[in-house]
Amino acid sequence: MIKIAVTGADGLVGSRIIELLNNDFEFIPLPQNLMDITNKDQVYQVLKNTDFDFFLHLAAYTNVTGAEIDKDNCFKINVEGTKNVFEVVSSKNKKFIYISTDFVFDGKNPPYFEDSIPNPIGIYAQSKYQGEEVVKNQAMIIRISYPYRASFDKKRDFFRTFKTFLEQKKTLSMITNSLMTPTFIDDIAFGLKYLINNYSPEIFHLVGGQAISPYQAAILVAEKFNLDKSFINKTSYEEYIKLKPGLPQYADIRSKKNNFWKMKSFEEGLIEIKKQLKN
């Protein structure tokens, strides 16, 4: 069985990948308390003594707004951390998979495919793109976008944030003039399974089947879960980024290469989540 060492194994995306693919691969989680990716010596010591075939690098600084203030820490984790693990994995001649983000694009001229030219605008985006540059042409880069899942106690994704606000009858101010590409994490996991078994050191987009505005996304959540739409207010991209910089406006991300796993639209993902929550 293929052995996969994983950083970020207890995170929103990583924990679900392991849950769904546990029978297909042997996962070796490398939590931060065991291996701090920013500590080069520790990374070397841990990986030198770890037996694996693939290295799946999910650990990252992901607070987009926070990164604008916490720049040094963001770059330390996303660039230096990636460099540290990649150097050791390369020296062992093992395969490396770097999980990146749709934020590497500026959101001005969509849609964006695997061969579109990145132009990251925010600090978080710049750090993830520099991480891509560290491993480019020597590793597989998988870009994902707005990942969501049915449940996860440690961290709320955008879907469960919307749902919780509406359940608590709190107002949501949602952007009407921007696009996001929500991606069901179960689809990421099954797409990844194919890519591990058909490894190639190139860029892939594992992203949802459709881009929609955040406003439309919130309306869909309300409709699918019978929640009150009157709590959903409209706002503009221009207003929103005054408070939360670093967000690309038209994040319409697509794939030219994914002919191996059908990615769900947000509506299809919500239908699947409703089924999962009933069981």
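Remember, predicted model here, so these are calculated numbers, not experimental data.

Looking at the overall build of the chain
Working step 1: When helices and strands are counted, the chain shows 10 helices and 10 strands.
Working step 2: For the chain, whose C-alpha radius of gyration is 18 Å, the value lies close to the compact-globule estimate of 19 Å for 279 residues.
Working step 3: Viewed in the frame of its principal axes, the chain has a C-alpha envelope of about 55 × 40 × 35 Å.
Working step 4: Expressed as a percentage of its 279 residues, the buried residues of the chain come to 52%.
Working step 5: Considering only contacts in the chain between residues 6 or more positions apart, those separated by 24 or more positions represent 79%.
Working step 6: Once the 36 positive and 33 negative side-chain charges of the chain are each reduced to a mean point, those two points are 2 Å apart.

Things to note about the packing of aromatic side chains
Working step 1: Applying the stated criterion across every chain, the model contains 19 aromatic pairs.
Working step 2: Both rings, one in Phe-190 and one in Trp-261, keep their centres 5.1 Å apart while their planes meet at 40 degrees; by these two values the pair is tilted. Of the two residues, Phe-190 sits in helix α7 (residues 185-197) while Trp-261 sits in the loop between α9 (237-243) and α10 (266-278), which places them 71 residues apart along the sequence.
Working step 3: Given a relative accessible area of 28%, Phe-190 falls into the partly exposed group.
Working step 4: Through a chain of ring-to-ring contacts, three or more aromatic side chains come together here, namely Phe-103, Tyr-124, Tyr-146, Tyr-148, Phe-158, Phe-159, Phe-162, Phe-184, Phe-225 and Phe-266.
Working step 5: Its end group placed over the ring of Phe-113, Lys-256 keeps NZ or CZ at 5.2 Å from the ring centre.

Here's the deal with the sheet that holds strand β4 (residues 95-101)
Working definition: the strands of a sheet are paired by backbone hydrogen bonds and lie parallel or antiparallel to each other.
Working step 1: As summarised here, the arrangement of the six strands in space is β2-β1-β3-β4-β5-β9, forming an open sheet in which the pairing is parallel. The two strands at the open ends of the sheet, each matched to only one other strand, are β2 (26-29) and β9 (203-205). The average angle at which neighbouring strand axes cross in this sheet is 25 degrees, direction not considered.
Working step 2: Here strand β1 (residues 3-7) pairs with β2 via four bridges, running parallel. Each residue of the ladder has a partner; that of Ala-5, found in β2, is Ile-28.

Thoughts on helix α5 (residues 123-135)
Residues separated by three or four positions in an α-helix point in the same direction, a consequence of the helix having 3.6 residues per turn.
Working step 1: For α5, built from 13 residues, the straight-helix expectation of 18 Å at 1.5 Å per residue is met to within 8% by its first-to-last C-alpha distance of 19 Å.
Working step 2: Residues of α5 that are buried make contact with α3 (64-67), α4 (71-91), β4 and β5 (140-144).
Working step 3: Where α5 terminates, the next one or two residues include Asn-137, which has phi positive at roughly 70 degrees.

Structural notes on unusual backbone geometry
Working step 1: Between Pro-110 and the following residue, Pro-111, the backbone shows a cis peptide bond with an omega angle of 0 degrees.
Working step 2: Along the polypeptide, Pro-111 turns up in the loop between β4 and α5.
Working step 3: Its identity as a non-glycine residue notwithstanding, Asn-137 has a phi of 70 degrees, on the positive side.
Working step 4: Its location among the elements puts Asn-137 in the loop between α5 and β5.
Working step 5: A positive phi angle is found at Lys-169, which is not glycine, with a value near 55 degrees.

Describing α4
Working step 1: Compared with an ideal rise of 1.5 Å per residue, which puts 21 residues at 30 Å, α4 spans 29 Å between its outermost C-alpha atoms and is within 8% of the ideal.
Working step 2: When the local axis directions of α4 are compared, the greatest deviation, roughly 30 degrees, occurs at Glu-80.
Working step 3: Taken residue by residue, α4 has Cys-74, Phe-75, Asn-78, Val-79, Gly-81, Thr-82, Asn-84, Val-85, Phe-86, Val-88 and Val-89 as its buried positions.
Working step 4: Of the residues one or two after α4, Asn-93 is the one with positive phi, at around 60 degrees.

Concerning the packing of helix α8 (residues 214-224) against α10
Working step 1: Contact geometry of α8 with α10 gives a least axis separation of 10 Å together with a crossing angle of 30 degrees. Taken together, α8 and α10 sit at an angle that is classed as roughly parallel. Taken as a pair, α8 and α10 cross one another with a handedness that is right-handed. On α10, the residues touching Ala-217, Leu-220, Val-221 and Lys-224 of α8 are Phe-266, Glu-267, Leu-270, Ile-271 and Lys-274.

Thresholds, definitions, all that
Here the residue index of a chain counts from 1 through its sequence in written order. Thresholds applied to this predicted model are a pLDDT of at least 70 for local features of residues and 80 or more for the giving and counting of side-chain atom pairs; totals over whole chains, interfaces and linings are not thresholded and use all residues. Computation of side-chain values covers all heavy atoms of the structure but excludes hydrogens and water. By definition, any uninterrupted DSSP run of H or I lasting at least four residues is a helix, any uninterrupted run of E lasting at least two residues is a strand, and each is numbered from the N terminus. Computation of the radius of gyration draws on C-alpha atoms alone. For the globule rule, the value is 2.2 Å times the number of residues to the power 0.38. We call a residue buried when its accessible area falls under 20% of the maximum for its residue type, exposed when it is over 50%, and partly exposed in between, using a 1.4 Å probe and counting protein chains only. We call two residues in contact when some of their heavy atoms are within 4.5 Å. Residues counted as positive are Lys and Arg, residues counted as negative are Asp and Glu, and His and the chain ends are not counted. All charge positions are set by atom: Lys at NZ, Arg at CZ, Asp at CG, Glu at CD. Aromatic rings from Phe, Tyr and Trp, with only the six-membered ring used for Trp, were paired whenever their centres fell within 6.5 Å, and each pair was classed as stacked if the ring planes differed by under 30 degrees, edge-to-face if by over 60, and tilted otherwise. Note on criteria: charge over ring means Lys NZ or Arg CZ within 6 Å of the ring centre, with the direction from the centre no more than 35 degrees off the ring normal. Two strands form a pair only when DSSP identifies at least two bridges running between them. Geometry is summarised by axes, namely lines fitted to C-alpha atoms with helices restricted to the contacting stretch, and by angles between N-to-C directions that run from 0 to 180 degrees. Take the number of residues in a helix, subtract one, and multiply by 1.5 Å to get its expected span. To get the bend at a residue, fit one axis to the 7 residues ending there and another to the 7 starting there, then take the angle between the axes. With respect to orientation, any angle under 35 degrees is reported as roughly parallel, any angle over 145 as roughly antiparallel, any angle of 65 to 115 as roughly perpendicular, and every other angle as oblique. Crossing chirality is assigned from the near helix's rotation relative to the far helix, an anticlockwise turn below a right angle marking it left-handed and a clockwise turn marking it right-handed.

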